[in-house]
Amino acid sequence: MNEAQKFTKDFAISTPVICGPMYPGSNPELIAAVSEAGGLGVVQPVAMTFVYGHDFREGLQLIKNRTSKPFGVNFTLVKANKTYEKRMREWLEISIEEGVKFFLTSLGNPEWVVKRAHQEGIKVYHDVPNRKFALKVVDAGVDGLICVNNRAGGQTGSLSPEQMVEDLHDLNLPLVCAGGVGNEKDFEKALKMGYAAVQMGTRFLATPECQTPDDYKEAIVNSEEKDIVWTTKIAGVNSSVILTPDIEKMGLKAGPVTSKLLKGRRTKKWVRNYYMLRSMFRFKKVATKQGYAQYWQAGKGVGGIHKIEPVADILQRFHGVCEKL
Ligand SMILES: Cc1cc2nc3c(=O)[nH]c(=O)nc-3n(C[C@H](O)[C@H](O)[C@H](O)COP(=O)(O)O)c2cc1C
């Protein structure tokens, strides 16, 4: 059995493709469509509640009404404030009660999530940008690593997909390639490199099931790799976006004062929290088209995305790749 077959068996799915959590972008209908088509949809709780306006449990139930297949929930483990941390623990317990089978954690230490999840037979994968972070979360007991590379949409990594496999394969955990997979050729390449699965965001934004605005979807279809740029002005770390006039106007680099604060041991946390809060409101505006600016997060996989098409069609083609390998 190869890595991809082990992955699909572990999660009882048919195609080793995760629809990565997206703020915004992860509306419950999209998540359900990906799982129903044989992949693994993942809920982004803040998008579910704050952007799409669902009560968290009702949102999970909406997905369950559309598919009986497995899906996951993402927990961003930032120490923002007590209210957020309390809410995250509540979301985790609700996810367990609603029968979620997969947790995807990002940032922070996933140890408490792993401990609780393993009591319930739930697998936990964590987002990592490099070996240093991977070693920390391996110690925390995670079941797999989401390798966020330098082609990814949203907050991006700095290493290539090839480099990440080379650096992490000896950890003996399933590796998921997150970034730059836009079509089945990219998918095949990732599996041949040794990845067990891929995680895609950008490709799933350009589908009818995703509720992102139509001009954002069109921009993904019409963009080439060269149109994707990194800006630190959105999150304080590199975010991968389409170079639109609004992004040009905003600029790509944080100013000297902010950059200094972002390097300070004490100030870093506060500046990041400020950025996080600001981008929460900015991106909600993008998703809901209020006071709209073209802040469109997307990865380098745009080069392989040529039309807006249903999730099931995309996954069917990807499934064909697995059958061939
Ligand atoms: C619009 C957008 C929003 C995202 N938001 C999140 C998020 O809230 N949390 C997270 O862990 N990853 C987030 N990501 C990363 C995705 O889950 C996924 O890893 C990434 O999109 C893979 O790269 P790709 O876009 O090249 O397919 C986001 C990506 C995009 C494109």
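Every chain begins its residue count from 1, and numbering advances along the sequence as written. Since the coordinates come from a predicted model, pLDDT governs what is reported: local features require at least 70, and pairs of side-chain atoms require 80 or more to be given and counted, while whole-chain, interface and lining totals use all residues.

Explanation requested: unusual backbone geometry in the structure shown.
For residues other than glycine, phi is negative in most cases, and the peptide bonds are mostly trans. With omega at -5°, the peptide bond leading from Tyr 23 into Pro 24 counts as cis. Following the sequence through the fold, Pro 24 ends up in the loop between strand E1 (17-19) and helix H2 (28-36). Although it is not a glycine, Leu 107 sits at a positive phi angle of roughly 55°. Numbered from the N terminus, helices here are DSSP runs of H or I no shorter than four residues, and strands are runs of E no shorter than two. Looking at the element boundaries, Leu 107 is found in the loop between strand E4 (102-106) and helix H6 (111-119). Located in the positive-phi region is Asn 172, a residue other than glycine, with phi close to 60°.

Mind showing me how you'd approach the sheet that holds strand E2 (residues 40-43) here?
Within a beta sheet, neighbouring strands are joined by backbone hydrogen bonds and run either parallel or antiparallel to one another. Ordered by their spatial adjacency, eight strands build a closed barrel running E1-E2-E3-E4-E5-E6-E8-E9, and the pairing between neighbours is parallel. On average, each strand axis in the sheet is inclined to that of its neighbour by 25°, with strand direction left out of account. Two strands are counted as paired when DSSP detects at least two bridges linking them. Relative to E4, strand E3 (residues 71-76) is paired through five bridges, and the arrangement is parallel. The partner of Phe 75 across the bridge, within E4, is Thr 105. Axes here mean lines fitted to C-alpha atoms, for a helix over just the part in contact, with angles spanning 0 to 180 degrees between N-to-C directions.

What exactly am I supposed to notice about the pairing of E2 here?
Put simply, side chains in a regular strand alternate between the two faces of the sheet. Burial in this document is a count-based property: other C-beta atoms within 10 Å of a residue's C-beta are tallied, and the residue is buried at 20 or more, exposed at 12 or fewer, or partly exposed in between, with C-beta positions derived from the backbone. Because side chains alternate across E2, one face comprises the buried residues Leu 40 and Val 42, and the other comprises Gly 41 and Val 43, equally buried. Here three bridges tie E2 to E3, and the two strands are oriented parallel to one another. Bridged to Val 42 within E3 is Gly 72.

Even after reading the chapter, I still don't get the domain arrangement of the protein, so can you show me in this structure?
For an interface, size is often stated in terms of accessible area lost upon the parts coming together. Residue ranges assigned to each domain were obtained from an automatic or database domain assignment. Under the domain assignment, the protein is made up of domain 1 (3-211 + 308-324) and domain 2 (214-288). The C-alpha centroid of domain 2 is placed 22 Å from the C-alpha centroid of domain 1. Residues are defined as contacting one another if the C-beta atoms placed from their backbone atoms lie within 7 Å. Contact residues are listed per partner, giving 15 residues for domain 1 and 18 residues for domain 2. Of all the secondary structure elements, the ones that give two or more residues to the side of domain 1 that touches domain 2 are helix H3 (45-51), strand E7 (154-155) and helix H10 (202-205).

Can you walk me through helix H14 (residues 267-288) in this structure?
Three- or four-residue spacings in an α-helix give side chains the same orientation, since the helix completes a turn every 3.6 residues. In this model H14 runs 32 Å from its N-terminal to its C-terminal C-alpha over 22 residues, within 8% of the 32 Å that 1.5 Å per residue would give. For H14, every residue scored as buried is listed here: Tyr 275, Ser 279, Phe 283, Val 286 and Ala 287. For H14, the angular spread of buried residues about the axis comes to 95°, placing them on one side. Opposite the packed face of H14, turned more than 90 degrees from it, sit the exposed residues Trp 270, Leu 277 and Phe 281. In the core, the buried residues of H14 are packed alongside H3. Following H14 by one or two positions, Lys 289 has its phi on the positive side, about 60°. Under the convention used throughout, the expected extent of a helix is 1.5 Å for every residue step, that is, one less than its residue count. The arc in question is formed by the directions pointing from the helix axis toward the C-beta atoms.

It is not clear to me how the pairing of E3 should be interpreted in this structure. Could you clarify?
Among the six residues of E3, five are classified as buried, and the element is accordingly described as predominantly covered. Following the chain from E3 across helix H5 (residues 82-97) to the adjacent parallel E4, one finds a crossover that is right-handed. By convention, orient the strands away from the viewer: a clockwise path from the first strand over the helix to the second makes the crossover right-handed.

How should the site of the ligand be read in this particular structure?
With respect to spatial proximity, 27 residues lie near the ligand, and among them Gly 20, Gly 153, Gly 154, Gly 201 and Gly 299 are the closest. At the level of secondary structure, the elements contributing two or more residues to the shell around the ligand comprise strand E9 (197-200) and H10. Note on residue classes: Ala, Val, Leu, Ile, Met, Phe, Trp, Tyr, Cys and Pro are nonpolar, Asp, Glu, Lys and Arg are charged, and everything else, Gly too, is polar. Among the residues making up the shell around the ligand, the classes are represented as nine nonpolar, 15 polar and three charged. Think of it this way: take the backbone, place a C-beta atom on it, and check whether that atom is within 6 Å of the molecule or strand, in which case the residue is near it.

Would you mind going over the nonpolar core with me for this structure?
Under the definition applied here, buried Ala, Val, Leu, Ile, Met, Phe, Trp, Tyr and Cys residues are grouped into a nonpolar core through C-beta atoms within 7 Å. Leu 145, Cys 147, Val 176 and Val 198 are the most contacted members of the largest nonpolar core, which has 88 residues in total. With six residues, helix H15 (residues 311-324) is the largest single contributor of residues to this core. Excluding its chain neighbours within four sequence positions, the residues that come into contact with Val 198 are Val 17, Val 176, Cys 177, Val 181, Phe 187 and Ala 190.

Is there a simple way to think about the sheet that holds strand E11 (residues 239-242) in this case?
Across the sheet, three strands lie side by side as E7-E11-E10; this open sheet has antiparallel pairing. The sheet terminates laterally at E7 and strand E10 (228-231), the two strands that pair on one side only. Strand direction decides the pairing type here: E7 and E11, joined by two bridges, are antiparallel. Across the sheet, Gln 155 pairs through a bridge with Ser 239, a residue of E11.

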